[in-house]
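Examination of the molecular architecture
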Amino acid sequence: MTTAPTDRVTEIELSIGGMTCASCANRIERKLNKLDGVTASVNYATEKARIAVPAGFDPQVLVEQVEAAGYTAELPRPPEEPEPAAQVPAADPLKQRLIGSAVLAVPVVLLAMVPALQFTYWQWISLVLAAPVATWGAWPFHRAAWANLRHGAATMDTLVSMGVLAAFGWSLYALLFGTAGAPGMTHPFELTIAPTDGASTIYLEVAAGVTVFLLAGRYFESRAKRRAGAALRALLDMGAKDVSVLRDGREVRVPIGELAVGTEFVVRPGEKIATDGVVVEGSSAVDASMLTGESVPVEVGPGDVVTGATVNAGGRLVVRATGVGADTRLAQMAKLVEDAQSGKAAAQRLADRISGVFVPIVIALSVATLGFWLGNGAGTAAAFTAAVAVLIIACPCALGLATPTALLVGTGRGAQLGILIKGPEVLESTRRVDTVLLDKTGTVTTGQMALVAVHTAEGIGEDEALRLAGAVEDASEHPVAQAIARAARERGELPTVTDFRAEAGLGVQGVADSHAVLVGRPALMEKWSLQLPAELAERKAEAERLGRTAVVVAWDGAVRAVLVVADRVKPSSAAAVAQLRRLGLRPILLTGDNAATARAVADEVGIDEVIAEVLPADKLATVARLQEEGRVVAMVGDGVNDAAALTKADLGIAMGTGADVAIEAGDITLVRGDLRSVPDAIRLARRTLRTIQGNLFWAFAYNVAALPLAAAGLLNPMLAGLAMACSSFFVVGNSLRLRRFSVAEAARS
C-alpha cells in the first residue's frame, strides 16, 4: 500500500452493517486498506470503522468499497441529527426469530429421538414444523452465506447454512421420492453402523436443532454487542439538559443547545454546571470527583475555571461559557472513550478462528466424498447420502452450545457473587493480564469524605470539640462540613445554632451552647486574630503531608481543636491487593488526586507503585504506555474520568457503585464496592474461559471423529443423532460445573 504525498490526514468514521463474525471485520479492513493512502481499523463489537484518509479524499469511495465487499456502510450523521431509535432494540427481531424457531423445533427433535412418539405420518408433521425453522429461522445464516459466496469467502455461517439446507433438502427428497414418506415409517433406536442409501432417512431434527442452538448463540452475542455504544450515551447524558441564562438581568431557562460562548448563566447549589466556563460572580465548592477523581471539593471564586457536568456543592455562581458542544471537556472525554473503543482490537471468537480452516476442509471433503463414490460406481443416492452426511455430521451442533452455555452459567454464577461479565471476548483478556491499574477514589477508598482524627488542645475533650464544630457545620452544604456533622451526630445530639454565617472559601461561624464557634481554614482564624497552638499546628501540617484536609475549630477567642477529614480506605482493599499479588499481578495505584494522598493510601494497602495527579487523558496514555511495553493491562475504576482508560485497557473492571458511564465502559462490573471482587472476577473469568475452550475441543473432536464414518457412507441417522445429542449434553454438563465456583474455592485455587 502506498501513501499519498500529503501530510494532512482526515479521520472518517463509518457505520458498518451486515457483519456476522470477527472475520467479516477483518475482510472489510483488508478491503479498505488496499485503497491508496488509507489506513482503516474496523471494530466488529461497535460496528464502526475509523479510517484515516488524505485530505480531500472522497468519503463515498469508502462506502463503495465496503459495499463491494458485501456489507453496508453509512457516513456519519450531522451532529444535530440523532441516531435512529430503531438501533437501540437491535436484538429484538433476533429474539423473536429464536423463540419462534424453538417452539417449532422442540416437537421435531422429540419426534425424531423418541420412537414411542412416532405416530403414523409423524414425519410429515415434522416437515411442516421444520420448514419454517430451516428457512425463516435460519435466514440470517443463509443470507450471510450467500454474501460470503458472492465474494469468494467462507465462514461458520457458510457451514451452518449448507448443513441446514443439506439436512432439510435431503429429508425433503427422501419424503417425496424415497421411502421415508411411507405411512408407518419410524426411526428405530439402533446403534449399528451400516451403509444406507438415504432414501428412507430424514434429518429434519438436525436442521431444526442446529438452527435453534446457533440462533441462541447469536442472540446472546448480540446482547453483549449492543452494550458497546452505551458508554458514550451514558457519558453524554451526564451533562445538564437545560440552563438558566442571564438576559437583561433576568434568569431565563433555555435548553442547553442554545448556550453560546460568552453567555452568562446561573448555577444554583446542587445543580450541574451546564458547560465549561469561568466564574464571574459568587463563590462555592465544586464537586468534580466524577470527572477528575479528586475526592475533596474544589473551592472556586471569580476568575476560576469550572468544568461542565461538575456539581455546585455550595453557593450561587454566575459563570461565563468558554466552551460549548464538542469543545467541552465532557465532549472531549466522550471522544476519548470512543477512540479507545474503536482502537481496541475486536476479539476473535475461538470458533471463528477454527472455522477459518475447518469450513473449507469440510466443504472440500464433502465434494471429494461425492466424487469418490460416484467414481467407484456407487449409486447416485448412496453417493449423495455420504456427501450430505459429511455436511450434517460436521454441522456444529455442540459448537453452537459451547460458548453460550458456559457463558450463561459462568456469568450467572458471577451475578450471584456480584460479578457481571459482559461477553466472551472479555474472558480471553483475563487469561493474559499481568498488570492491574487501580483507581483510588471510590475504588480503593470509599469515595466519601469522613472524619478520621480529632486533635484537641490541652484540657479540651474530643467529644466537646466535635459536638460544637458539628453543630455549626451541620448548617453548611459543603461535603467536608457534612462529614464533620455526620461524625458528630454519631456521638450524640447536636446543640441548636444561632447567628450562623458562612464565610465564602474560609469556613463557617455561629453560636452553639452560648459559645461563639469558628470552624474553617487558618485564614478564618487569622481574620479573628487567633493563632494555632504549636502542637495543633504540627498536627495540621502532618495531616496535610498525608494529603488530608485539616479543619481548625475555635470558640470563645481561642483555637481549641483540629479536625482531620479524608477519603477513607475501604476495609477490604489491603486484602484485595494481596490476593492480586498472589495471582501474579502487579498492582499500580492510578489517580487524579494529589501525590501525598495517593502515596499515603498506597502505603496503607500495600501498593508499591503510584501514578498520581493524572487527568483522564493521562490515564488513557498510561494504559497505552504499559501496553506498548508489552504489558497486558487491567484497569479498575468507578468514575467518569476512568471511562476512557477502562475501554482502552485489555480488561476494564468497573465498580458498580460508581458512575454509569464507567460501568458501561467496563468489560466486567462489580456490583459491590468490595475490591476483593476483582481477584474473584479474574478467577471466575479464567475458569469460564477454560470451560469454553474444553467445550470447543470436544465439539470439534466429535465432528472430526465422526467425519470418516460419514465419508465412508456408514452414517446411521439414529446413531448420528444420538452422538450429536451426547456431544451437546457433554457441553452443557461441562458448563454446569461452573455453578460450583465459590469465593472460598477461588481463594484456595
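Residues numbered from 1 in each chain as written. Predicted model: local features only at pLDDT ≥ 70, side-chain atom pairs only at ≥ 80, totals over all residues. Heavy atoms only, no water.

- Identification of the chain as Cation-transporting P-type ATPase B from Pseudonocardia thermophila is taken from an unreviewed UniProt entry.
- According to its UniProt record, the chain has this under Sequence similarities (unreviewed entry): "Belongs to the cation transport ATPase (P-type) (TC 3.A.3) family. Type IB subfamily."
- Here the chain is described in UniProt, under the heading Subcellular location (unreviewed entry), as follows: "Cell membrane". (UniProt positions renumbered as here; feature names shortened; annotations may be inferred.)

**A few points about the overall build of the chain**
- For the chain, the count of helices and strands is 27 helices and 26 strands.
- For the chain, with 749 residues in total, the buried portion stands at 52%.
- Intrachain contacts of the chain at a sequence separation of at least 6 include 70% that bridge at least 24 residues. (Helix = DSSP H or I, 4+ residues; strand = E, 2+ residues; numbered from the N terminus. Buried < 20%, exposed > 50% of the residue type's maximum accessible area, 1.4 Å probe, protein only. Contact = heavy atoms within 4.5 Å.)

**Quick notes on the pairing of strand S3 (residues 48-54)**
- In terms of burial, S3 is a largely internal element, five of the seven residues being buried.
- Pairing analysis gives seven bridges linking strand S1 (residues 9-17) to S3, with the strands arranged antiparallel. By the bridge assignment for S3, Val 9 is matched with Pro 54. (Pairing = 2+ DSSP bridges.)

**A word on the nonpolar core**
- Ranked by internal contacts, the top residues of the largest apolar core, which has 49 residues, are Val 164, Ile 202, Leu 204 and Val 362.
- If you list the elements that add at least two residues to this core, you get helix H3 (92-113), helix H4 (122-137), helix H6 (156-177), helix H7 (204-226), helix H11 (350-375), helix H12 (380-394) and helix H25 (677-711). (Core = buried A, V, L, I, M, F, W, Y, C linked by side-chain atoms within 4.5 Å.)

**Topic: the packing of aromatic side chains**
- In the structure shown here, the tally under the stated rule is three aromatic pairs.
- Ring centres of Trp 170 and Tyr 173 lie 4.8 Å apart, and the angle between their planes is 35°; this geometry places the pair in the tilted category. Of this pair, Trp 170 and Tyr 173 both sit in helix H6, three residues apart, roughly one helical turn.
- On the accessibility criterion, Tyr 173 (32% relative accessible area) is partly exposed.
- Among the aromatic residues, those joined into a ring-pair cluster are Trp 170, Tyr 173 and Phe 177. (Phe/Tyr/Trp six-rings, centres within 6.5 Å; stacked < 30°, edge-to-face > 60°.)

**Re helix H21 (residues 595-605)**
- If you check which residues of H21 are buried, you get Thr 597, Ala 598, Val 601, Ala 602 and Val 605. One side of H21 holds all its buried residues, which, seen down the axis, span an arc of 130°.
- Immediately beyond the C-terminal end of H21, within one or two residues, lies Gly 606, with a positive phi of roughly 90°. (Arc of directions from axis to C-beta.)

**Description of the sheet that holds strand S23 (residues 609-611)**
- If you trace the seven strands from one edge of the open sheet to the other, you get S14-S26-S25-S24-S15-S22-S23, paired in mixed fashion. On the outer flanks of this sheet lie strand S14 (419-421) and S23, each paired with one strand and no other. Averaged over all pairs of adjacent strands, the angle between their axes in this sheet comes to 20°, without regard to strand direction.
- In terms of strand pairing, strand S15 (residues 435-439) meets strand S22 (residues 586-590) through five bridges, oriented parallel. Its bridge partner being in S22, Leu 437 is matched across the sheet by Ile 588.
- Packed onto the sheet, helix H22 (residues 616-628) meets S15, S22, S23 and strand S24 (633-637) and runs at close to 170° relative to S15. (Axes fitted to C-alpha atoms, helices over the stretch in contact; angles between N-to-C directions.)

**Observations concerning unusual backbone geometry**
- Despite not being glycine, Asp 499 shows a phi value in the positive range, around 55°.
- Following the sequence through the fold, Asp 499 ends up in strand S17 (residues 497-503).
- Look at Glu 613: it is not a glycine, yet its phi comes out positive at around 55°.
- Take Glu 613: it is sitting in the loop between S23 and H22.
- Residue Glu 613 is classed as exposed on the basis of its relative accessible area, which comes to 52%.

**What to know about the UniProt feature "transmembrane region" (unreviewed entry) in the chain**
- With numbering matched to this structure, UniProt assigns "transmembrane region" (unreviewed entry) to residues 98-115, 121-139, 159-182, 202-220, 354-375, 381-409, 696-715 and 721-738.
- When the span residues 159-182 is considered, its composition is 79% helix and 0% strand, and the gap between its end C-alpha atoms is 31 Å.

**Overview of the packing of helix H16 (residues 462-473) against helix H17 (residues 479-491)**
- At a minimum axis separation of 8 Å, H16 and H17 run at an interaxial angle of 130°. If you check the angle between H16 and H17, you find them oblique. As for the relative orientation of H16 and H17, their crossing is left-handed in sense. Contact with H16, carried on its side by Glu 462, Asp 463, Leu 466, Ala 469, Gly 470 and Glu 473, involves Ala 481, Gln 482, Ile 484, Ala 485, Ala 487, Ala 488 and Arg 491 of H17 and no other residues of that element.
- A class-by-class count of the residues in the contact of H16 with H17 yields seven nonpolar, two polar and four charged. (Parallel < 35°, antiparallel > 145°, perpendicular 65-115°, else oblique. Left-handed = near helix turned anticlockwise from the far one by under 90°. Nonpolar A, V, L, I, M, F, W, Y, C, P; charged D, E, K, R; others polar.)

**Concerning the packing of helix H20 (residues 573-582) against H25**
- Put simply, H20 and H25 touch, their axes get as near as 8 Å, and they point 30° apart. For the element pair H20 / H25, the angle class is roughly parallel. On H25, the residues that touch Ala 576, Gln 579 and Leu 580 of H20 are Val 678, Pro 679, Asp 680, Ile 682 and Arg 683.
- Among the residues making up the contact of H20 with H25, the classes are represented as five nonpolar, one polar and two charged.

**Side note on the confidence of the model for the chain**
- Of the residues in the chain, 81% reach a pLDDT of 70 or more, and the chain-wide mean stands at 79.
- When mean pLDDT is compared element by element in the chain, H4 scores highest at 94, while helix H27 (residues 743-748) scores lowest at 47.
- Confidence drops under a pLDDT of 50 for residues 340-349, and excluding neighbours within four residues, the segment shows 32 contacts in the predicted structure.
- Confidence drops under pLDDT 50 across residues 744-749; counting only partners more than four residues distant or on other chains, this segment forms six contacts. (pLDDT = per-residue confidence, 0-100.)

**Some words on the sheet that holds strand S18 (residues 507-512)**
- With antiparallel pairing, six strands are arranged side by side in an open sheet as S16-S21-S20-S19-S18-S17. Edge positions in the open sheet fall to strand S16 (445-456) and S17, since each of these has one partner strand only. Recorded for the sheet is a direction-independent mean angle of 20° between the axes of neighbouring strands.
- Bridge count between S17 and S18: five bridges; the pairing is antiparallel. Within S18, the position partnered with Thr 498 by the bridge is Val 511.

**A look at the side chain of Thr 310**
- If you trace the backbone, Thr 310 turns up in the loop between strand S11 (305-306) and strand S12 (311-312).
- Looking at Thr 310, the relative accessible area reads 3%, which means it is buried.
- Reaching out from Thr 310, the side chain makes a polar contact with the backbone oxygen of Thr 307 at a distance of 2.5 Å. (Polar contact = N/O pair within 3.5 Å; in protein donor to acceptor, adjacent residues only side chain to side chain.)

**Digging into the environment of Gly 412**
- Mapped onto the secondary structure, Gly 412 falls in helix H13 (residues 397-416).
- For the pair Gly 412 and Leu 738, spaced 326 residues apart in the sequence, the C-alpha separation amounts to 9.2 Å.

**Topic: the side chain of Ser 161**
- Within the fold, Ser 161 resides in helix H6.
- Residue class for Ser 161 comes out buried when judged on its relative accessible area of 5%.
- Within the structure, the side chain of Ser 161 is placed 2.8 Å from the side chain of His 142, a separation counted as a polar contact.
- Ser 161 has contacts with Phe 141, His 142 and Ala 145, leaving out every residue within four places of it along the chain.

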